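Residues per chain are reported as follows:
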Amino acid sequence: MNVSEQMIAEIVRQVLAEKGCAPAADDGIVKQVAPSGVIGIKTANVKMEPFEGRRDVVLKDLTTLEEAPRMGIGIMELTGKPFEWTLTYDEFDIVLEGHLEIETDGTIVKAGPGEVIYIPKGTHIHFQTPDYVRYLYTVYPANWADGTN
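Since the structure is predicted, the reported quantities are computational estimates derived from the model, not experimental observations.

How each quantity is defined
Residues numbered from 1 in each chain as written. Predicted model: local features only at pLDDT ≥ 70, side-chain atom pairs only at ≥ 80, totals over all residues. Heavy atoms only, no water. Helix = DSSP H or I, 4+ residues; strand = E, 2+ residues; numbered from the N terminus. Buried < 20%, exposed > 50% of the residue type's maximum accessible area, 1.4 Å probe, protein only. Contact = heavy atoms within 4.5 Å. Areas by Shrake-Rupley, 256 points an atom, 1.4 Å probe, with all protein chains shown as cover. Pairing = 2+ DSSP bridges. Axes fitted to C-alpha atoms, helices over the stretch in contact; angles between N-to-C directions. Core = buried A, V, L, I, M, F, W, Y, C linked by side-chain atoms within 4.5 Å.

Draft legend 1. Inspection of the overall build of the chain at higher detail. When its secondary structure is counted, the chain shows one helix and 13 strands. Its helices and strands taken in sequence order, the chain reads α-β-β-β-β-β-β-β-β-β-β-β-β-β from the N to the C terminus. The buried share of the chain, taken over its 149 residues, is 34%. Considering only contacts within the chain whose residues lie at least 6 apart along the sequence, 58% involve residues at least 24 apart. Carbon and sulfur atoms provide 56% of the accessible area of the chain, an area that totals close to 9,300 Å².

Draft legend 2. Fine view of the sheet that holds strand S9 (residues 100-104). Taken in spatial order, the four strands make up an open sheet running S7-S12-S9-S10, and their pairing is antiparallel. Looking along the sheet, the strands with just one partner apiece sit at the ends: strand S7 (83-86) and strand S10 (107-111). Taken over all neighbouring pairs, the strand axes of this sheet differ in orientation by 25° on average, direction set aside. Here S9 pairs with S10 via five bridges, running antiparallel. Across the sheet, residue threonine 104 finds its bridge partner in S10, namely threonine 107.

Draft legend 3. Highlighting the nonpolar core. Membership of the largest hydrophobic core comes to 21 residues, with the highest contact counts inside it found for Met76, Leu78, Phe83, Trp85, Leu100, Phe127 and Tyr135. Where this core is concerned, the elements lending two or more residues are strand S5 (57-61), strand S6 (72-79), S7, S9, strand S11 (116-119), strand S12 (124-128) and strand S13 (132-140). The element contributing the most residues to this core is S13, with four residues. The contact partners of leucine 100, leaving out residues within four places of it in the chain, are Leu78, Asp93, Val95, Val109, Lys110, Ala111, Ile117, Phe127, Gln128, Val133 and Tyr135. With five residues, the next largest nonpolar core counts Ile29, Val46, Ile75 and Leu136 among its residues.

Taken by themselves, the reported measurements are silent on function.
What follows is the structure, given as C-alpha cells:
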C-alpha cells in the first residue's frame, strides 16, 4: 500500500475532529470545539493580515459568524501612526503587550498589559500607540461590517 501525504493529512484531520479539535488552518488559529459550542482558541501562531492595506496595522478575526453569531473577537497589532475609525458596534480592547491609546474628543484613554478599554458604538476615535501594542478586540454585534447593526 502506498501512503501519500494527502492520506496522512486526512487521517490526522479525522482524528482531531473526533477529539473535538480543529487543526490549524493557513491562518495559524487552532481551535478546540465542544459539541455545546464552547470554543477554545490558541492564539500564539495566528497569522495577522494587513488592515486596509496598511503595514503598521495588522489583525485577524478569531471566530466566524457561524461559530459566534452575536459576538466577535480578534487580535490587532499597531505600530506607527494613528488611524481614525468610527465604530458601528460596541468594542472592548484587552491589551496583551505594549500600550494602547484611544483618542476621542481631545481626550486620550490609555491601557497597558492586562488593562481594558471600552469604546461605545458611534464613537469617532484614533487608535494609536507610542511604540507597539498587541490586543484582543471583542465586538458586539459580531456582524459589525455588514451594516445591519
